[in-house]
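Here is what each chain is made of, one letter per residue.
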Amino acid sequence: RYSCPDTRRTWLNRLSALFAFAVRRGYISSNPCDRVERVTVDRKRPLILTPAQSRELYAASPAVMRPYVVLGMFVGLRPEEIPRLDWSHIDLEAGTVIVTGKRRTRLVKLESIALKLLSAHPLRRGPVCPSNSTVDRWRAKAKALLCLDHWPQDLLRHTAASYLLALIEDAGKVATRLGNSVKVLNAHYLNPPTTAASEEFWRLNV
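One structure accompanies this document, and this report is about it. (Residues numbered from 1 in each chain as written. Predicted model: local features only at pLDDT ≥ 70, side-chain atom pairs only at ≥ 80, totals over all residues. Heavy atoms only, no water.)

1. Describing the overall build of the protein chain
(1) Moving on: Assigned secondary structure in the protein chain consists of nine helices and three strands.
(2) Moving on: Helices (α) and strands (β) of the protein chain occur, in sequence order from the N terminus, as α-α-α-β-β-β-α-α-α-α-α-α.
(3) Moving on: When the backbone C-alpha atoms are referred to their principal axes, the protein chain occupies close to 65 × 35 × 35 Å.
(4) Moving on: Taking all 206 residues of the protein chain together, 41% fall into the buried category.
(5) Moving on: In the protein chain, the share of contacts with a sequence separation of at least 24, taken over all contacts with a separation of at least 6, comes to 64%.
(6) Moving on: Element-wise, carbon and sulfur atoms account for 52% of the exposed surface of the protein chain, whose accessible area totals about 12,000 Å².
(7) Moving on: Each charge sign in the protein chain was given a centre, from 32 positive and 18 negative side chains, and these centres are 6 Å apart. (Helix = DSSP H or I, 4+ residues; strand = E, 2+ residues; numbered from the N terminus. Buried < 20%, exposed > 50% of the residue type's maximum accessible area, 1.4 Å probe, protein only. Contact = heavy atoms within 4.5 Å. Areas by Shrake-Rupley, 256 points an atom, 1.4 Å probe, with all protein chains shown as cover. Lys, Arg positive; Asp, Glu negative; His and termini not counted. Charge placed at Lys NZ, Arg CZ, Asp CG, Glu CD.)

In C-alpha cells, the structure reads:
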C-alpha cells in the first residue's frame, strides 16, 4: 500500500517500536520487524535557490513578507518557527533572534545580510509573520515566479543551511543554529553551492 520508501520506513520503525514494547512487557518473545528487510532511501539533494533566484524572490516579495523571507532564506528558521516570532524576539543591536524550536529555545546569530535587511524593515513591533493566508498567497506567487513545479516546504531553510555551511565551514555550528543534529543536517539539508555562488549569496545586493 505504501510505495514511498520514506513512508514505508516510517511505518516499519513505528511498528518495530510497538513490538519492542511488547517484548519488554513479555507479551511476545521476539520483534517480528527484526526479520523484515530494512528499507533503503536514495535521497536526492534538496532544492536550494541560486543567488539570482534569492535576489529575485526577495525583490518581488511585498514588504509584509520580507522578514519571513529573510528569516527563512538567510537564517534558516523552520516555516513553523517564524509565525511564532514577535519583533521583541529579534535583537538588532546584538544581531540575534530567540527561536522557540521543536524541543528547545535557541539563540540564533544573524549574518550581516539578514541583519541589514531586518534593520531596514519599517515595522519593529508585533508579529514578524503575516497571516497564514497571506503566506499561502505569497508562496503561490513565488512558485510561479521561480517556475517551480511545487514549493518544497523547507526550500528557504535548505537554502540557508547549504550556504551557511559553505560560509562557516563547521557542520556543528550550523546544526546548532538550525536546531538539528549534524547527522540530520548532512542527510536532509545540504546541497553544497560553489564558492563563487556562496560569496555572491552572502553579499546579495537587494
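After that view of the structure, there is still more to cover.
2. Quick notes on a nonpolar patch on the surface
(1) Moving on: Judged by side-chain polarity, Phe 21, Tyr 27 and Ile 28 come together as a nonpolar surface patch covering roughly 290 Å² of accessible area.
(2) Moving on: For Ile 28, the position within the fold is in the loop between α1 (5-25) and α2 (51-60). (Patch = residues over 30% accessible without salt bridge, like charges linked within 9 Å, V, L, I, M, F, W, Y side chains within 5 Å. Salt bridge = Lys/Arg side-chain N within 4 Å of Asp/Glu carboxyl O.)

3. Focus on the pairing of strand β3 (residues 105-109)
(1) Moving on: By the alternation rule, side chains of β3 split into Arg 106 and Val 108, which are all buried, and Thr 105, Leu 107 and Lys 109, of which none is buried.
(2) Moving on: Relative to β3, strand β2 (residues 96-100) runs antiparallel, the two sharing five bridges. Looking across to β3, one finds that Thr 96 is bridged to Lys 109. (Pairing = 2+ DSSP bridges.)

4. Focus: helix α9 (residues 195-202)
(1) Moving on: What α9 keeps buried is the set Ala 197, Ser 198, Phe 201 and Trp 202. End-on, the buried residues of α9 take up no more than an arc of 125°, which puts them together on one face. Of the exposed residues in α9, the ones pointing more than 90 degrees away from its buried face are Thr 195 and Ala 196.
(2) Moving on: Where α9 is buried, its residues touch α2, α3 (66-73), α4 (112-119) and α6 (155-168). (Arc of directions from axis to C-beta.)

5. Focus on the packing of α2 against α9
(1) Moving on: It is the contact of α2 with α9, at a shortest axis distance of 9 Å, that shows an interaxial angle of 20°. In terms of orientation, α2 lies roughly parallel with respect to α9. Crossing handedness for the pair α2 and α9: right-handed. Residues Pro 51, Ser 54 and Arg 55 of α2 form the contact with α9, whose participating residues are Ala 197, Glu 200 and Phe 201.
(2) Moving on: Among the residues making up the contact of α2 with α9, the classes are represented as three nonpolar, one polar and two charged. (Axes fitted to C-alpha atoms, helices over the stretch in contact; angles between N-to-C directions. Parallel < 35°, antiparallel > 145°, perpendicular 65-115°, else oblique. Left-handed = near helix turned anticlockwise from the far one by under 90°. Nonpolar A, V, L, I, M, F, W, Y, C, P; charged D, E, K, R; others polar.)

6. What about the packing of aromatic side chains?
(1) Moving on: The tally for this structure, following the rule as stated, stands at six aromatic pairs.
(2) Moving on: When the ring of Tyr 163 is compared with that of Phe 201, the centres are 3.9 Å apart and the planes differ by 5°; the resulting orientation is stacked. Highlighted residues: Tyr 163 in helix α6 and Phe 201 in helix α9, separated in sequence by 38 residues. Pair check on accessibility: Tyr 163 and Phe 201 agree, each one buried.
(3) Moving on: Taken together, the ring pairs in this structure connect Phe 74, Tyr 163, Phe 201 and Trp 202 into an aromatic cluster.
(4) Moving on: Positioned over the ring face of Tyr 58 is Arg 66, at 4.6 Å from the centre of the ring. (Phe/Tyr/Trp six-rings, centres within 6.5 Å; stacked < 30°, edge-to-face > 60°. Lys NZ or Arg CZ within 6 Å of the ring centre and 35° of its normal.)

7. With respect to the side chain of Asn 31
(1) Moving on: Looking at the element boundaries, Asn 31 is found in the loop between α1 and α2.
(2) Moving on: Polar contacts involving the side chain of Asn 31 include one to the main-chain amide nitrogen of Cys 33, which spans 2.9 Å. (Polar contact = N/O pair within 3.5 Å; in protein donor to acceptor, adjacent residues only side chain to side chain.)

8. Focus on the nonpolar core
(1) Moving on: Among the nonpolar cores identified, the biggest contains 48 residues, and Leu 57, Leu 71, Met 73, Phe 74, Trp 138 and Trp 151 are the most heavily contacted of them.
(2) Moving on: Elements with a contribution of two residues or more to this core: α2, α3, β2, α4, α5 (132-145), α6, α7 (171-178) and α9.
(3) Moving on: Residue contributions to this core peak at six residues, all from α6.
(4) Moving on: Leu 71 has contacts with Gly 76, Leu 77, Ile 82, Leu 85, Ile 90, Leu 110, Leu 118 and Val 128, leaving out every residue within four places of it along the chain. (Core = buried A, V, L, I, M, F, W, Y, C linked by side-chain atoms within 4.5 Å.)

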